[in-house]
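Fold and geometry: a report
Residue-level listing of the chains:
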Amino acid sequence: MKLVVVSAGLSVPSSTRLLADRLAAATGRYTSVDVQVVELRDLAVEIAHNFTSGFPGRALSAALEAVTEADGLIVVTPVFSASYSGLFKSFFDVLDQDALTGKPVLIAATGGSARHSLVLEHALRPLFAYLRAVVVPTAVYAASEDWGAEGLADRIDRAAGELGRLMEGLGSGAARRAEVADTAGAADKADASVVVDTDTAAAIAPRSLDGALASADRFTVIPFEQQLAALRP
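Residues numbered from 1 in each chain as written. Predicted model: local features only at pLDDT ≥ 70, side-chain atom pairs only at ≥ 80, totals over all residues. Heavy atoms only, no water.

Geometrically, a pair of aromatic rings is defined through the distance of the ring centres and the angle of the planes. By the definition in use, this model includes five aromatic pairs. Seen from their ring centres, phenylalanine 88 and phenylalanine 128 are 6.2 Å apart, and the 70 degrees between their planes marks the pair as edge-to-face. One end of the pair, phenylalanine 88, is in helix 4 (residues 86–94); the other, phenylalanine 128, is in helix 5 (residues 119–130), and 40 residues separate them in sequence. For the pair formed by phenylalanine 88 and phenylalanine 128, the shared burial category is buried. (Phe/Tyr/Trp six-rings, centres within 6.5 Å; stacked < 30°, edge-to-face > 60°. Helix = DSSP H or I, 4+ residues; strand = E, 2+ residues; numbered from the N terminus. Buried < 20%, exposed > 50% of the residue type's maximum accessible area, 1.4 Å probe, protein only.)

Put into structure tokens, the structure is as follows:
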């Protein structure tokens, strides 16, 4: 399955990217995933141009396509002014509004103080609920003092486990739906058969349907081609 990580970190190195990488690695312990990272700092200019021109550049278009086709997402933003960053919000503003419908998403954020941890519930979760994504129950916030301290690793592992299991569950469900659709399509292409009242069929075409009406049952399955032939002059 394809896991796309969207990181809105601005510095290099970035604690936002570090948290994103740790979440992706932890998810890989619960389900087999191919990880692709989208660094929004590299797309800032193209995102701005998209707002003014209405058309994404090549790199932004590839990133939007990756997010749309992903089986699951990890999104991580630094906290600016008690909310997600403008770059983070701008990226999801240019994404098609139906792209995340039903898609599993793990939300996470980094900040300088633990006081900003509520950004996960007051800003990120409502945003992705509006986009009709399936947001995992555990969100991860990492303040400066969390790095190297107890608790962060446990939160990362718990959130990653929820995402991995959700991706597998929704993925297997999609596979079953595709299998059912393929089976239905094959049935549509096969010769159609219709259940016909034998009395009615005999009245319409008594000669052509004599063999098919030999059954003692009230209703008999008559192949469509045979019905068509009986209607010809």
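Picking up where we left off.
One can find serine 113 in the loop between strand 5 (104–111) and helix 5. Those residues in contact with serine 113 that sit more than four places away from it in its chain are Tyr141 and Ala143. (Contact = heavy atoms within 4.5 Å.)

Moving on: the packing of helix 2 (residues 44–53) against helix 3 (residues 58–69). Where helix 2 meets helix 3, the closest approach of the two axes is 8 Å, and the angle between their N-to-C directions is 90 degrees. Taken together, the axis directions place helix 2 and helix 3 in an arrangement best described as roughly perpendicular. Between helix 2 and helix 3, the contacting residues are Glu46, Ile47 and Asn50 on the first element and Arg58, Ala59 and Leu60 on the second. Across the contact of helix 2 with helix 3, the residue classes tally to three nonpolar, one polar and two charged. (Axes fitted to C-alpha atoms, helices over the stretch in contact; angles between N-to-C directions. Parallel < 35°, antiparallel > 145°, perpendicular 65-115°, else oblique. Nonpolar A, V, L, I, M, F, W, Y, C, P; charged D, E, K, R; others polar.)

This part takes up helix 5. If you check helix 5, its first and last C-alpha atoms are 16 Å apart, about what 12 residues at 1.5 Å a residue would give, namely 16 Å. The set of residues buried in helix 5 consists of Val119, Leu120, Ala123, Leu124, Arg125, Leu127 and Phe128. Where helix 5 is buried, its residues meet strand 3 (72–80), strand 4 (83–84), helix 4, strand 5, strand 6 (134–135) and strand 7 (140–143). Positive phi appears at arginine 132, one or two residues downstream of helix 5, with a value of about 65 degrees. (Expected span 1.5 Å × (residues − 1).)

Of note, leucine 124 is situated in helix 5. Distance from leucine 124 to lysine 89, taken between C-alpha atoms, is 9.5 Å for residues 35 residues apart in sequence. Here leucine 124 is in contact with Thr77, Tyr84, Phe88, Ile107, Ala108 and Val119, once residues within four sequence places are set aside.

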